[in-house]
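Listed here are the chains, written in short residue letters.
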Amino acid sequence: MSVSVQTEDFDIGAEMAALTHGRTDIGAVVSFTGLVRDMGGGRPITAMELEHYPGMTERALSAIVAEAEARWPLQGVRVIHRFGPLAPGAQIVLVLTASPHRQAAFEAAEFIMDYLKTRAPFWKKETGADGGAWVDAREEDDAAEARWAR
Amino acid sequence: MSVSVQTEDFDIGAEMAALTHGRTDIGAVVSFTGLVRDMGGGRPITAMELEHYPGMTERALSAIVAEAEARWPLQGVRVIHRFGPLAPGAQIVLVLTASPHRQAAFEAAEFIMDYLKTRAPFWKKETGADGGAWVDAREEDDAAEARWAR
Amino acid sequence: MQVLYFAWVRERIGIPREEVETSAKTVMDLIEELRAREERYAAAFADLRALKVAVDQDVTDFDADITGAREIAFFPPMTGG
Amino acid sequence: MQVLYFAWVRERIGIPREEVETSAKTVMDLIEELRAREERYAAAFADLRALKVAVDQDVTDFDADITGAREIAFFPPMTGG
(Lines give C-alpha, C1' and ligand atoms only; values in the text may rest on other atoms or scores of the structure.)
Protein backbone atom coordinates (compact mmCIF):
# COMPACT_ATOMS: atom_id res chain seq x y z
CA MET A 1 0.00 0.00 0.00
CA SER A 2 1.50 3.31 -1.05
CA VAL A 3 -0.62 5.45 1.29
CA SER A 4 0.07 5.98 5.02
CA VAL A 5 -1.82 8.09 7.56
CA GLN A 6 0.23 8.29 10.75
CA THR A 7 1.35 10.39 13.70
CA GLU A 8 5.04 9.46 13.21
CA ASP A 9 7.43 11.68 11.26
CA PHE A 10 8.83 10.45 7.92
CA ASP A 11 12.28 10.31 6.27
CA ILE A 12 12.30 11.46 2.64
CA GLY A 13 15.65 9.77 1.99
CA ALA A 14 14.37 6.38 3.15
CA GLU A 15 11.10 6.76 1.20
CA MET A 16 12.97 7.78 -1.95
CA ALA A 17 15.32 4.79 -1.60
CA ALA A 18 12.40 2.40 -1.09
CA LEU A 19 10.70 3.72 -4.24
CA THR A 20 13.74 3.45 -6.50
CA HIS A 21 15.71 0.56 -4.95
CA GLY A 22 16.93 -1.99 -7.50
CA ARG A 23 15.26 -0.22 -10.41
CA THR A 24 16.95 1.22 -13.48
CA ASP A 25 13.84 2.15 -15.49
CA ILE A 26 12.86 5.28 -13.52
CA GLY A 27 13.94 8.58 -15.08
CA ALA A 28 12.38 11.13 -12.72
CA VAL A 29 11.20 11.34 -9.11
CA VAL A 30 9.35 14.41 -7.85
CA SER A 31 8.62 15.02 -4.19
CA PHE A 32 6.40 17.45 -2.37
CA THR A 33 6.87 18.04 1.36
CA GLY A 34 4.41 20.21 3.28
CA LEU A 35 5.58 21.82 6.52
CA VAL A 36 3.85 23.60 9.42
CA ARG A 37 4.43 27.36 9.06
CA ASP A 38 4.87 29.66 12.05
CA MET A 39 2.28 32.06 10.59
CA GLY A 40 -1.38 31.37 9.84
CA GLY A 41 -3.98 33.87 8.70
CA GLY A 42 -1.55 36.69 9.48
CA ARG A 43 -0.92 35.77 13.14
CA PRO A 44 1.94 33.83 14.79
CA ILE A 45 1.21 30.13 15.34
CA THR A 46 2.59 28.20 18.30
CA ALA A 47 1.02 24.80 17.56
CA MET A 48 -1.18 22.95 15.11
CA GLU A 49 -3.57 20.04 15.55
CA LEU A 50 -4.48 17.93 12.51
CA GLU A 51 -7.78 16.06 12.80
CA HIS A 52 -8.80 13.40 10.28
CA TYR A 53 -11.54 10.87 9.51
CA PRO A 54 -10.00 7.41 10.06
CA GLY A 55 -11.02 5.02 7.31
CA MET A 56 -12.29 7.63 4.89
CA THR A 57 -8.86 9.30 4.82
CA GLU A 58 -7.12 6.19 3.53
CA ARG A 59 -9.97 5.58 1.03
CA ALA A 60 -9.83 9.14 -0.29
CA LEU A 61 -6.02 9.15 -0.62
CA SER A 62 -6.03 5.76 -2.37
CA ALA A 63 -8.68 6.99 -4.83
CA ILE A 64 -6.59 10.09 -5.60
CA VAL A 65 -3.47 7.96 -6.20
CA ALA A 66 -5.46 5.57 -8.44
CA GLU A 67 -6.74 8.53 -10.48
CA ALA A 68 -3.18 9.85 -10.88
CA GLU A 69 -1.99 6.40 -11.98
CA ALA A 70 -4.76 6.33 -14.60
CA ARG A 71 -3.76 9.72 -16.00
CA TRP A 72 0.07 9.49 -16.06
CA PRO A 73 2.63 6.71 -16.71
CA LEU A 74 3.76 6.31 -13.09
CA GLN A 75 6.20 3.68 -11.85
CA GLY A 76 5.64 4.38 -8.18
CA VAL A 77 3.68 6.69 -5.88
CA ARG A 78 4.06 7.21 -2.14
CA VAL A 79 1.80 9.39 0.04
CA ILE A 80 2.32 9.94 3.78
CA HIS A 81 0.08 12.32 5.74
CA ARG A 82 0.50 12.91 9.46
CA PHE A 83 -2.22 13.78 11.99
CA GLY A 84 -2.28 14.86 15.64
CA PRO A 85 -0.29 17.70 17.24
CA LEU A 86 2.44 19.22 15.04
CA ALA A 87 4.85 22.04 15.92
CA PRO A 88 5.94 24.82 13.53
CA GLY A 89 8.61 23.44 11.21
CA ALA A 90 7.24 19.89 11.42
CA GLN A 91 6.62 17.84 8.29
CA ILE A 92 2.91 17.32 7.48
CA VAL A 93 2.71 15.53 4.15
CA LEU A 94 4.97 13.78 1.66
CA VAL A 95 4.07 12.94 -1.95
CA LEU A 96 6.55 11.06 -4.16
CA THR A 97 5.94 10.26 -7.84
CA ALA A 98 8.23 8.23 -10.12
CA SER A 99 7.99 8.13 -13.92
CA PRO A 100 10.16 7.62 -16.99
CA HIS A 101 9.51 11.31 -17.83
CA ARG A 102 9.87 14.44 -15.74
CA GLN A 103 6.70 16.18 -16.94
CA ALA A 104 4.53 13.22 -15.85
CA ALA A 105 6.23 13.06 -12.45
CA PHE A 106 5.73 16.82 -11.88
CA GLU A 107 2.10 16.87 -13.04
CA ALA A 108 1.12 13.79 -11.04
CA ALA A 109 2.63 15.21 -7.82
CA GLU A 110 0.80 18.53 -8.32
CA PHE A 111 -2.44 16.72 -9.13
CA ILE A 112 -2.20 14.56 -6.00
CA MET A 113 -1.55 17.60 -3.80
CA ASP A 114 -4.38 19.63 -5.39
CA TYR A 115 -6.87 16.78 -4.94
CA LEU A 116 -5.59 15.95 -1.44
CA LYS A 117 -6.21 19.56 -0.35
CA THR A 118 -9.90 19.49 -1.29
CA ARG A 119 -10.81 15.76 -1.05
CA ALA A 120 -8.87 14.15 1.80
CA PRO A 121 -10.69 14.57 5.14
CA PHE A 122 -8.13 16.49 7.20
CA TRP A 123 -8.81 19.63 9.23
CA LYS A 124 -6.19 21.96 10.69
CA LYS A 125 -6.62 23.86 13.94
CA GLU A 126 -3.96 26.48 14.58
CA THR A 127 -3.13 27.72 18.08
CA GLY A 128 -1.73 31.22 18.63
CA ALA A 129 -1.41 33.54 21.64
CA ASP A 130 -5.14 34.32 21.36
CA GLY A 131 -6.29 30.70 21.30
CA GLY A 132 -7.17 28.12 18.67
CA ALA A 133 -8.89 28.60 15.31
CA TRP A 134 -9.89 26.19 12.58
CA VAL A 135 -8.16 26.97 9.28
CA ASP A 136 -10.56 28.13 6.57
CA ALA A 137 -10.58 26.35 3.22
CA ARG A 138 -8.95 28.50 0.54
CA GLU A 139 -10.64 29.42 -2.74
CA GLU A 140 -7.26 29.03 -4.46
CA ASP A 141 -7.35 25.35 -3.51
CA ASP A 142 -10.69 24.87 -5.28
CA ALA A 143 -9.27 26.67 -8.31
CA ALA A 144 -6.15 24.49 -8.22
CA GLU A 145 -8.29 21.34 -8.20
CA ALA A 146 -10.55 22.66 -10.97
CA ARG A 147 -7.69 22.95 -13.48
CA TRP A 148 -7.49 19.13 -13.63
CA ALA A 149 -11.17 18.73 -14.61
CA ARG A 150 -11.84 16.87 -17.84
CA MET B 1 26.47 28.78 -3.00
CA SER B 2 23.36 26.76 -3.80
CA VAL B 3 24.77 25.19 -6.99
CA SER B 4 27.16 22.20 -7.10
CA VAL B 5 28.65 20.42 -10.11
CA GLN B 6 30.34 17.25 -8.93
CA THR B 7 31.15 13.60 -9.60
CA GLU B 8 30.04 12.49 -6.11
CA ASP B 9 26.54 11.15 -5.45
CA PHE B 10 24.12 13.19 -3.31
CA ASP B 11 21.77 12.46 -0.39
CA ILE B 12 18.32 14.05 -0.75
CA GLY B 13 17.60 13.64 2.97
CA ALA B 14 20.72 15.57 3.97
CA GLU B 15 20.10 18.29 1.35
CA MET B 16 16.49 18.66 2.46
CA ALA B 17 17.55 18.91 6.12
CA ALA B 18 20.19 21.54 5.27
CA LEU B 19 17.60 23.61 3.41
CA THR B 20 14.96 23.56 6.16
CA HIS B 21 17.06 23.25 9.34
CA GLY B 22 16.02 25.64 12.10
CA ARG B 23 13.37 27.30 9.95
CA THR B 24 9.65 27.48 10.65
CA ASP B 25 8.63 29.84 7.81
CA ILE B 26 8.82 27.32 4.94
CA GLY B 27 5.50 25.81 3.87
CA ALA B 28 6.50 23.70 0.88
CA VAL B 29 9.59 21.97 -0.49
CA VAL B 30 9.55 20.40 -3.96
CA SER B 31 12.34 18.16 -5.22
CA PHE B 32 13.21 16.80 -8.63
CA THR B 33 15.65 13.91 -8.96
CA GLY B 34 16.80 12.77 -12.41
CA LEU B 35 18.08 9.20 -12.77
CA VAL B 36 19.98 7.30 -15.48
CA ARG B 37 17.50 5.05 -17.32
CA ASP B 38 18.47 1.63 -18.69
CA MET B 39 16.94 2.53 -22.08
CA GLY B 40 17.93 5.36 -24.41
CA GLY B 41 16.60 6.00 -27.90
CA GLY B 42 14.89 2.59 -27.84
CA ARG B 43 18.02 0.52 -27.06
CA PRO B 44 19.37 -0.91 -23.79
CA ILE B 45 22.00 1.27 -22.12
CA THR B 46 24.88 -0.19 -20.09
CA ALA B 47 26.63 3.06 -19.16
CA MET B 48 26.44 6.84 -19.50
CA GLU B 49 29.13 9.50 -19.58
CA LEU B 50 28.19 13.08 -18.74
CA GLU B 51 30.50 15.75 -20.17
CA HIS B 52 30.28 19.38 -19.09
CA TYR B 53 31.95 22.77 -19.60
CA PRO B 54 33.69 23.62 -16.29
CA GLY B 55 33.17 27.23 -15.36
CA MET B 56 30.32 27.90 -17.76
CA THR B 57 28.23 25.16 -16.12
CA GLU B 58 28.30 26.84 -12.71
CA ARG B 59 27.63 30.25 -14.31
CA ALA B 60 24.66 28.93 -16.31
CA LEU B 61 23.12 27.11 -13.31
CA SER B 62 23.55 30.15 -11.05
CA ALA B 63 21.88 32.38 -13.67
CA ILE B 64 18.93 29.96 -13.89
CA VAL B 65 18.55 29.90 -10.09
CA ALA B 66 18.74 33.73 -9.95
CA GLU B 67 16.01 33.96 -12.62
CA ALA B 68 13.80 31.55 -10.62
CA GLU B 69 14.37 33.60 -7.44
CA ALA B 70 13.32 36.74 -9.34
CA ARG B 71 10.08 35.09 -10.53
CA TRP B 72 8.88 33.26 -7.41
CA PRO B 73 8.99 33.91 -3.63
CA LEU B 74 11.64 31.29 -2.82
CA GLN B 75 13.18 30.74 0.60
CA GLY B 76 15.87 28.35 -0.60
CA VAL B 77 17.08 26.64 -3.76
CA ARG B 78 19.61 23.82 -4.13
CA VAL B 79 20.89 22.41 -7.42
CA ILE B 80 23.34 19.50 -7.70
CA HIS B 81 24.36 18.11 -11.10
CA ARG B 82 26.81 15.23 -11.47
CA PHE B 83 29.22 14.62 -14.34
CA GLY B 84 31.52 11.76 -15.37
CA PRO B 85 30.59 8.07 -15.73
CA LEU B 86 27.15 7.10 -14.36
CA ALA B 87 25.55 3.65 -14.31
CA PRO B 88 21.84 2.95 -14.98
CA GLY B 89 19.87 3.75 -11.82
CA ALA B 90 22.38 6.41 -10.70
CA GLN B 91 21.23 9.86 -9.65
CA ILE B 92 22.13 12.63 -12.15
CA VAL B 93 20.53 15.82 -10.90
CA LEU B 94 18.76 17.19 -7.83
CA VAL B 95 16.70 20.38 -7.69
CA LEU B 96 15.15 21.52 -4.38
CA THR B 97 12.91 24.59 -4.04
CA ALA B 98 11.44 25.95 -0.79
CA SER B 99 8.62 28.50 -0.59
CA PRO B 100 5.78 29.56 1.70
CA HIS B 101 3.38 28.29 -1.01
CA ARG B 102 3.22 25.00 -2.88
CA GLN B 103 2.44 26.42 -6.32
CA ALA B 104 5.56 28.61 -6.26
CA ALA B 105 7.74 25.68 -5.15
CA PHE B 106 6.35 23.42 -7.92
CA GLU B 107 6.63 26.04 -10.68
CA ALA B 108 10.15 27.09 -9.71
CA ALA B 109 11.39 23.48 -9.70
CA GLU B 110 9.86 22.85 -13.14
CA PHE B 111 11.27 26.12 -14.46
CA ILE B 112 14.78 25.30 -13.23
CA MET B 113 14.65 21.83 -14.79
CA ASP B 114 13.29 23.15 -18.12
CA TYR B 115 15.99 25.84 -18.34
CA LEU B 116 18.72 23.47 -17.13
CA LYS B 117 17.87 21.03 -19.95
CA THR B 118 18.41 23.61 -22.70
CA ARG B 119 20.86 26.09 -21.12
CA ALA B 120 23.29 24.24 -18.86
CA PRO B 121 26.29 22.90 -20.84
CA PHE B 122 26.02 19.16 -20.21
CA TRP B 123 26.15 16.44 -22.86
CA LYS B 124 25.20 12.79 -22.40
CA LYS B 125 26.87 9.92 -24.20
CA GLU B 126 25.09 6.60 -23.81
CA THR B 127 26.86 3.26 -24.24
CA GLY B 128 24.98 0.15 -25.38
CA ALA B 129 25.96 -3.23 -26.84
CA ASP B 130 26.59 -1.52 -30.21
CA GLY B 131 28.84 1.22 -28.84
CA GLY B 132 28.45 4.79 -27.67
CA ALA B 133 26.17 7.51 -29.04
CA TRP B 134 25.65 11.13 -28.08
CA VAL B 135 22.10 11.81 -26.94
CA ASP B 136 20.17 14.10 -29.29
CA ALA B 137 18.50 17.21 -27.91
CA ARG B 138 14.73 16.78 -27.74
CA GLU B 139 12.24 19.17 -29.32
CA GLU B 140 10.00 18.67 -26.28
CA ASP B 141 12.72 20.26 -24.15
CA ASP B 142 12.72 23.40 -26.31
CA ALA B 143 8.92 23.49 -26.05
CA ALA B 144 9.12 23.03 -22.26
CA GLU B 145 11.51 25.98 -21.99
CA ALA B 146 9.41 28.15 -24.32
CA ARG B 147 6.35 28.00 -22.05
CA TRP B 148 8.16 30.20 -19.49
CA ALA B 149 8.85 33.00 -22.03
CA ARG B 150 7.54 36.42 -21.11
CA MET C 1 -26.96 4.71 11.93
CA GLN C 2 -23.64 6.16 13.13
CA VAL C 3 -23.44 9.96 12.75
CA LEU C 4 -19.95 11.47 12.91
CA TYR C 5 -18.87 15.08 13.44
CA PHE C 6 -15.45 16.58 12.71
CA ALA C 7 -13.57 19.82 13.40
CA TRP C 8 -15.79 22.72 14.51
CA VAL C 9 -18.96 20.70 13.86
CA ARG C 10 -17.72 18.23 16.49
CA GLU C 11 -16.85 21.07 18.86
CA ARG C 12 -20.27 22.75 18.49
CA ILE C 13 -22.24 19.56 19.01
CA GLY C 14 -19.85 18.42 21.74
CA ILE C 15 -19.39 14.79 20.72
CA PRO C 16 -17.41 13.09 17.93
CA ARG C 17 -20.07 10.49 17.05
CA GLU C 18 -23.43 9.08 18.10
CA GLU C 19 -25.90 6.35 17.15
CA VAL C 20 -29.04 7.95 15.68
CA GLU C 21 -32.37 6.16 15.20
CA THR C 22 -34.01 7.78 12.22
CA SER C 23 -36.37 7.15 9.34
CA ALA C 24 -34.90 10.08 7.38
CA LYS C 25 -34.79 9.42 3.62
CA THR C 26 -32.18 12.04 2.71
CA VAL C 27 -29.28 13.85 4.35
CA MET C 28 -31.47 16.97 4.49
CA ASP C 29 -34.21 15.09 6.38
CA LEU C 30 -31.59 13.96 8.90
CA ILE C 31 -30.27 17.51 9.30
CA GLU C 32 -33.83 18.79 9.98
CA GLU C 33 -34.31 16.13 12.67
CA LEU C 34 -30.98 17.01 14.33
CA ARG C 35 -31.66 20.78 14.15
CA ALA C 36 -34.96 20.25 15.99
CA ARG C 37 -33.26 18.41 18.87
CA GLU C 38 -31.23 21.06 20.66
CA GLU C 39 -29.65 24.49 20.21
CA ARG C 40 -26.12 23.03 19.78
CA TYR C 41 -27.33 21.05 16.75
CA ALA C 42 -29.15 24.08 15.32
CA ALA C 43 -25.91 26.07 15.74
CA ALA C 44 -23.79 23.40 14.03
CA PHE C 45 -26.17 23.17 11.07
CA ALA C 46 -26.98 26.91 10.83
CA ASP C 47 -25.09 27.54 7.57
CA LEU C 48 -25.08 24.54 5.25
CA ARG C 49 -22.84 26.33 2.73
CA ALA C 50 -20.05 25.89 5.30
CA LEU C 51 -20.67 22.14 5.62
CA LYS C 52 -19.94 18.96 3.71
CA VAL C 53 -21.43 15.51 4.16
CA ALA C 54 -20.08 12.01 3.49
CA VAL C 55 -22.37 8.98 3.31
CA ASP C 56 -20.49 5.74 3.99
CA GLN C 57 -17.22 7.65 3.50
CA ASP C 58 -18.06 9.17 0.12
CA VAL C 59 -18.66 12.93 -0.11
CA THR C 60 -22.11 13.60 -1.55
CA ASP C 61 -24.95 16.17 -1.70
CA PHE C 62 -27.49 17.10 0.98
CA ASP C 63 -30.31 15.58 -1.10
CA ALA C 64 -28.54 12.18 -1.26
CA ASP C 65 -30.56 9.11 -0.27
CA ILE C 66 -29.39 7.66 3.07
CA THR C 67 -31.65 4.61 3.14
CA GLY C 68 -29.53 1.71 4.39
CA ALA C 69 -26.49 3.90 5.07
CA ARG C 70 -24.31 2.86 8.02
CA GLU C 71 -22.26 6.02 8.52
CA ILE C 72 -23.06 9.71 7.92
CA ALA C 73 -20.34 12.30 8.59
CA PHE C 74 -20.62 16.10 8.78
CA PHE C 75 -17.59 18.38 8.53
CA PRO C 76 -16.31 21.68 7.13
CA PRO C 77 -14.36 21.82 3.85
CA MET C 78 -11.06 19.95 4.12
CA THR C 79 -7.85 21.81 4.98
CA GLY C 80 -5.15 19.12 4.92
CA GLY C 81 -1.90 18.98 2.99
CA MET D 1 42.22 33.04 -27.98
CA GLN D 2 41.28 29.67 -26.45
CA VAL D 3 38.92 27.62 -28.61
CA LEU D 4 37.08 24.78 -26.82
CA TYR D 5 35.23 21.79 -28.29
CA PHE D 6 32.72 19.57 -26.48
CA ALA D 7 30.89 16.26 -27.09
CA TRP D 8 30.97 15.08 -30.72
CA VAL D 9 32.59 18.34 -31.86
CA ARG D 10 35.53 17.47 -29.60
CA GLU D 11 35.58 13.89 -30.89
CA ARG D 12 35.55 14.96 -34.58
CA ILE D 13 38.30 17.54 -34.16
CA GLY D 14 40.24 15.22 -31.85
CA ILE D 15 41.21 17.72 -29.14
CA PRO D 16 39.29 19.40 -26.29
CA ARG D 17 40.87 22.86 -26.69
CA GLU D 18 43.57 24.80 -28.51
CA GLU D 19 45.09 28.27 -28.65
CA VAL D 20 44.15 29.94 -31.97
CA GLU D 21 45.83 33.04 -33.40
CA THR D 22 43.20 34.82 -35.43
CA SER D 23 42.07 38.21 -36.61
CA ALA D 24 38.48 36.95 -37.12
CA LYS D 25 35.86 39.60 -36.30
CA THR D 26 32.89 37.26 -35.81
CA VAL D 27 32.26 33.66 -34.81
CA MET D 28 31.42 32.93 -38.46
CA ASP D 29 34.80 34.31 -39.60
CA LEU D 30 36.53 32.01 -37.11
CA ILE D 31 34.49 29.01 -38.31
CA GLU D 32 35.54 29.73 -41.93
CA GLU D 33 39.20 29.87 -40.89
CA LEU D 34 38.93 26.57 -39.00
CA ARG D 35 37.02 24.86 -41.85
CA ALA D 36 39.82 25.78 -44.25
CA ARG D 37 42.47 24.13 -42.04
CA GLU D 38 41.79 20.41 -42.29
CA GLU D 39 39.10 17.89 -43.14
CA ARG D 40 38.35 17.12 -39.44
CA TYR D 41 37.43 20.78 -38.86
CA ALA D 42 35.34 20.89 -42.05
CA ALA D 43 33.52 17.75 -40.79
CA ALA D 44 32.90 19.22 -37.32
CA PHE D 45 31.51 22.46 -38.76
CA ALA D 46 29.63 20.89 -41.70
CA ASP D 47 26.12 21.55 -40.34
CA LEU D 48 25.90 24.70 -38.26
CA ARG D 49 22.24 24.03 -37.41
CA ALA D 50 23.54 21.20 -35.18
CA LEU D 51 25.98 23.50 -33.36
CA LYS D 52 25.95 26.14 -30.66
CA VAL D 53 28.62 28.64 -29.72
CA ALA D 54 29.51 30.37 -26.45
CA VAL D 55 31.73 33.46 -26.32
CA ASP D 56 33.36 33.90 -22.92
CA GLN D 57 30.87 31.37 -21.50
CA ASP D 58 27.70 33.02 -22.80
CA VAL D 59 25.73 31.31 -25.58
CA THR D 60 25.42 33.65 -28.56
CA ASP D 61 24.88 33.76 -32.35
CA PHE D 62 27.33 32.93 -35.15
CA ASP D 63 27.44 36.58 -36.21
CA ALA D 64 28.52 37.71 -32.71
CA ASP D 65 31.60 39.95 -32.46
CA ILE D 66 34.58 38.11 -30.95
CA THR D 67 37.01 41.04 -30.83
CA GLY D 68 38.82 40.80 -27.48
CA ALA D 69 37.16 37.49 -26.53
CA ARG D 70 39.26 35.11 -24.45
CA GLU D 71 37.32 31.87 -24.87
CA ILE D 72 35.16 30.55 -27.73
CA ALA D 73 33.41 27.18 -27.27
CA PHE D 74 31.63 25.02 -29.88
CA PHE D 75 29.22 22.25 -28.89
CA PRO D 76 25.95 20.53 -29.83
CA PRO D 77 22.65 21.47 -28.08
CA MET D 78 22.78 20.63 -24.38
CA THR D 79 21.38 17.32 -23.09
CA GLY D 80 21.86 17.46 -19.32
CA GLY D 81 19.33 17.02 -16.56
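An unreviewed UniProt entry annotates chain C as Molybdopterin synthase sulfur carrier subunit of Rubricella aquisinus.

Looking at an unreviewed UniProt entry, chain A carries the name Molybdopterin synthase catalytic subunit, with the source organism given as Rubricella aquisinus. Its UniProt record gives chain A a comment under Catalytic activity (unreviewed entry), which states: "2 [molybdopterin-synthase sulfur-carrier protein]-C-terminal-Gly-aminoethanethioate + cyclic pyranopterin phosphate + H2O = molybdopterin + 2 [molybdopterin-synthase sulfur-carrier protein]-C-terminal Gly-Gly + 2 H(+)". Recorded under Function (unreviewed entry), the UniProt text for chain A is reproduced unchanged: "Converts molybdopterin precursor Z into molybdopterin. This requires the incorporation of two sulfur atoms into precursor Z to generate a dithiolene group. The sulfur is provided by MoaD."

K.L.:
Residues and numbers for the relation of the copies chain B and chain A, please.
P.N.:
Both copies of the chain are related by one operation, a rotation about an axis with a shift along it. Of the transformation superimposing chain B on chain A, the axial component is 0.0 Å and the angular component is 180°, with the fit at an RMSD of 0.0 Å. Put plainly, the chains are arranged around a two-fold axis. By residue overlap, the copies meet face to face through one surface: 100% of the interface positions of chain B are interface positions in chain A.

K.L.:
Report on the environment of Ala137(A), specifying residues and quantitative values.
P.N.:
Mapped onto the fold, Ala137(A) is located in the loop between β10 (131-134) and α4 (139-146). Ala137(A) sits in the partly exposed class, given a relative accessible area of 41%. Expressed as a C-alpha distance, the spacing of Ala137(A) and Trp123(A), which sit 14 residues apart in the sequence, is 9.2 Å. Once residues lying within four places of it in the same chain are set aside, the contact partners of Ala137(A) are Pro77(C), Met78(C) and Thr79(C).

How each quantity is defined
- Residues numbered from 1 in each chain as written.
- Chains lettered and ligands numbered in written order.
- Predicted model: local features only at pLDDT ≥ 70, side-chain atom pairs only at ≥ 80, totals over all residues.
- Heavy atoms only, no water.
- UniProt positions renumbered as here; feature names shortened; annotations may be inferred.
- Least-squares fit on C-alpha atoms with pLDDT ≥ 70 in both.
- Contact = heavy atoms within 4.5 Å.
- Helix = DSSP H or I, 4+ residues; strand = E, 2+ residues; numbered from the N terminus.
- Buried < 20%, exposed > 50% of the residue type's maximum accessible area, 1.4 Å probe, protein only.

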